[in-house]
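Residues per chain are reported as follows:
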Amino acid sequence: MKKKLRIVADEAIPFLKGVLEPFAEMLYLPGNAISKKNVENADALLVRTRTSCNAELLENSSVKMIATATIGMDHLDKSFLERQGIFYTNAPACNADSVVQYFVAALLEMCERQKKDFRDMTLGIVGVGNIGSRIFQIGKILGMRVLCCDLPKQEQGNFEIGVSFKTICEESDVITFHTPLTRTGLFPTYHMFDENALSWVKKPFWLFNASRGEVVSEKALKWAIETGICSAAVIDVFENEPVIHKSFLEKISIATPHIAGYSLDGKANATSQIVRQVASFFDIPELKTFNVEFQDTDKKWVIDFKEINTLVGQIQKVYRLSYDINQDDFLLRKNPEQFEWFRKNYPKRREPKAYKILIQNFLPETKEILEKLGFVIEN
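Reference entry: report on the structure contained in this document.

A separate point is the overall build of the chain. Counting its secondary structure elements, the chain contains 15 helices and 14 strands. Relative to its length of 379 residues, the chain is compact, with a C-alpha radius of gyration of 22 Å against a globular reference of 21 Å. The principal-axis extents of the C-alpha atoms in the chain amount to approximately 70 × 50 × 45 Å. Relative to its full complement of 379 residues, the chain shows a buried share of 54%.

In this section: the sheet that holds strand β2 (residues 24–29). In space, the five strands of this open sheet follow the order β2-β1-β3-β4-β5, with parallel pairing throughout. Of all strands in the sheet, those with a lone pairing partner are β2 and β5 (87–89), marking the two edges. Averaged over all adjacent pairs, the angle separating strand axes in this sheet is 15°, with direction ignored. Here strand β4 (residues 65–68) pairs with β5 via three bridges, running parallel. Counterpart to Ala-67 in the pairing with β5 is Thr-89. Against the sheet, helix α11 (residues 264–282) touches β1 (5–10), β3 (44–47), β4 and β5, its axis set at about 165° to β4.

Under the definition given, this model contains 14 aromatic pairs. When the centroid spacing of 6.3 Å and the interplanar angle of 85° are considered together, the rings of Phe-238 and Phe-248 count as edge-to-face. One end of the pair, Phe-238, is in the loop between β10 (230–235) and α10 (246–249); the other, Phe-248, is in helix α10, and 10 residues separate them in sequence. Here the two residues Phe-238 and Phe-248 agree in accessibility, since each one is buried. Centroid distance Trp-301 to Tyr-355: 4.9 Å. Interplanar angle 25°. Geometry classified as stacked. Highlighted residues: Trp-301 in strand β12 (residues 299–304) and Tyr-355 in strand β13 (residues 355–360), separated in sequence by 54 residues. The structure contains a cluster of three or more aromatic residues connected by ring pairs, namely Phe-165, Phe-177, Phe-193, Trp-200 and Phe-205. Over the ring of Tyr-28 we find Lys-17; its NZ or CZ atom is 5.2 Å from the centre of that ring.

When the terminal C-alpha atoms of helix α4 (residues 96–114) are compared, their 27 Å separation across 19 residues agrees well with the 27 Å that a helix rising 1.5 Å per residue should span. In terms of burial, α4 is a largely internal element, 15 of the 19 residues being buried. Lys-115 lies just past α4 and shows a positive phi near 55°.

Let us look at the sheet that holds strand β7 (residues 145–149). Sheet architecture is open: six strands sit in the order β7-β6-β8-β9-β10-β11, paired in parallel fashion. Each having just a single partner strand, β7 and β11 (254–255) make up the two edges of the open sheet. Of the pairings in the sheet, the one linking strand β6 (residues 122–126) to β7 comprises five bridges and is parallel in character. Residue pairing in the sheet places Gly-124 in a bridge with Leu-147 of β7. Across the sheet, helix α5 (residues 130–141) touches β6, β7 and β8 (174–177), and the angle it forms with β6 is around 170°. Sitting on the sheet, helix α9 (residues 218–227) touches β9 (205–209) and β10, and the angle it makes with β10 is about 140°.

Interaxial distance between α4 and α5 falls to 9 Å at its minimum, and their mutual angle equals 45°. As far as their axial angle goes, α5 and α4 are oblique. In this structure, α4 crosses over α5, and the sense of that crossing is right-handed. Contacts between α4 and α5 involve Ala-96, Asp-97, Val-99, Val-100, Phe-103 and Val-104 from the first element and Asn-130, Ile-131, Arg-134, Ile-135 and Ile-138 from the second. In terms of residue class, the contact of α4 with α5 is made up of eight nonpolar, one polar and two charged.

Leu-107, Phe-118, Trp-206, Phe-208 and Phe-375 are the most contacted members of the largest nonpolar core, which has 54 residues in total. Per element, the largest residue contribution to this core is 12 residues, and it comes from α4. In terms of nonpolar packing, the next biggest core, distinct from the first, is built from 35 residues, Cys-149, Cys-169, Val-201 and Val-216 among them.

Procedures and definitions
- Residues numbered from 1 in each chain as written.
- Predicted model: local features only at pLDDT ≥ 70, side-chain atom pairs only at ≥ 80, totals over all residues.
- Heavy atoms only, no water.
- Helix = DSSP H or I, 4+ residues; strand = E, 2+ residues; numbered from the N terminus.
- Rg over C-alpha atoms; globule rule 2.2 N^0.38 Å.
- Buried < 20%, exposed > 50% of the residue type's maximum accessible area, 1.4 Å probe, protein only.
- Pairing = 2+ DSSP bridges.
- Axes fitted to C-alpha atoms, helices over the stretch in contact; angles between N-to-C directions.
- Contact = heavy atoms within 4.5 Å.
- Phe/Tyr/Trp six-rings, centres within 6.5 Å; stacked < 30°, edge-to-face > 60°.
- Lys NZ or Arg CZ within 6 Å of the ring centre and 35° of its normal.
- Expected span 1.5 Å × (residues − 1).
- Parallel < 35°, antiparallel > 145°, perpendicular 65-115°, else oblique.
- Left-handed = near helix turned anticlockwise from the far one by under 90°.
- Nonpolar A, V, L, I, M, F, W, Y, C, P; charged D, E, K, R; others polar.
- Core = buried A, V, L, I, M, F, W, Y, C linked by side-chain atoms within 4.5 Å.

Structure, rendered in structure tokens:
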């Protein structure tokens, strides 16, 4: 009889409990509490960003495979894992649409607060991978002028539309970051936005960061906000999270606890991917095509725009019903010390594709844009 696998998993990975139990002895722990002792006899480790997978954790362990239910992998010491022959993998693009939803919600919110029309703005995207490429399409859908910067891709010659980061800083009304966190190599992203980047800025701008906190120097951003150079900051990731400096939090327009990718759909995608990866690595035929199935009734609304006669206002009304980013901002500001609790207990958020909407008294552009954003518009 085939020996059962031993797998240690972050207890906050959703939809996972009960899936692997027929094939493995499972140990579920808080991500930041997974220790060397826990993993010394494990075959596999299923993690999120809160578990640093390095020599300190894994030296002399029996771990053969690590799967992270995230896009980012900066919590994995790749050099060490490769030297040890430990296979590692992530969940690429799993929550890309969720981050797009977050970006659009933040953009619309700031447009409403500052009475701006997104069609009059230049969007600068830093990092054009699975998420950034989607943001590019969204910017085009909204009628924005879009600039892109992805220095590694541009260096390799396989990205023709890119501009320099200096140009992004000079010309953008909105700068949004979607890069991994890197500290070495030709194009490190650590503190990519700093005092030097600020010296290139020629007009007030908004800064959005839903990538990694350390990509943006909080010191530089705080100064930019205080001086009015940055007229709005939307921050989902922080340099020292889960610890947030109150003086920085007070300056931010929208602050959320690293939940941009936390839609229910994104979580389901991530868990589906890592289960399939475990099944492939350890040859578990029953799970090689696994997909999370969850019951969540489609949302159906009738929305009358009789009293809203602007495109921005109509789009914003629909979007806020699907995801009100202000709720996440309010809760974090009220109790910033509960950063991790908010992440662990994040409420169900569905992406636009889950919503069926009948709209009345709408502008012609409204229906077209809402459909391109993923909503199902019924006649």
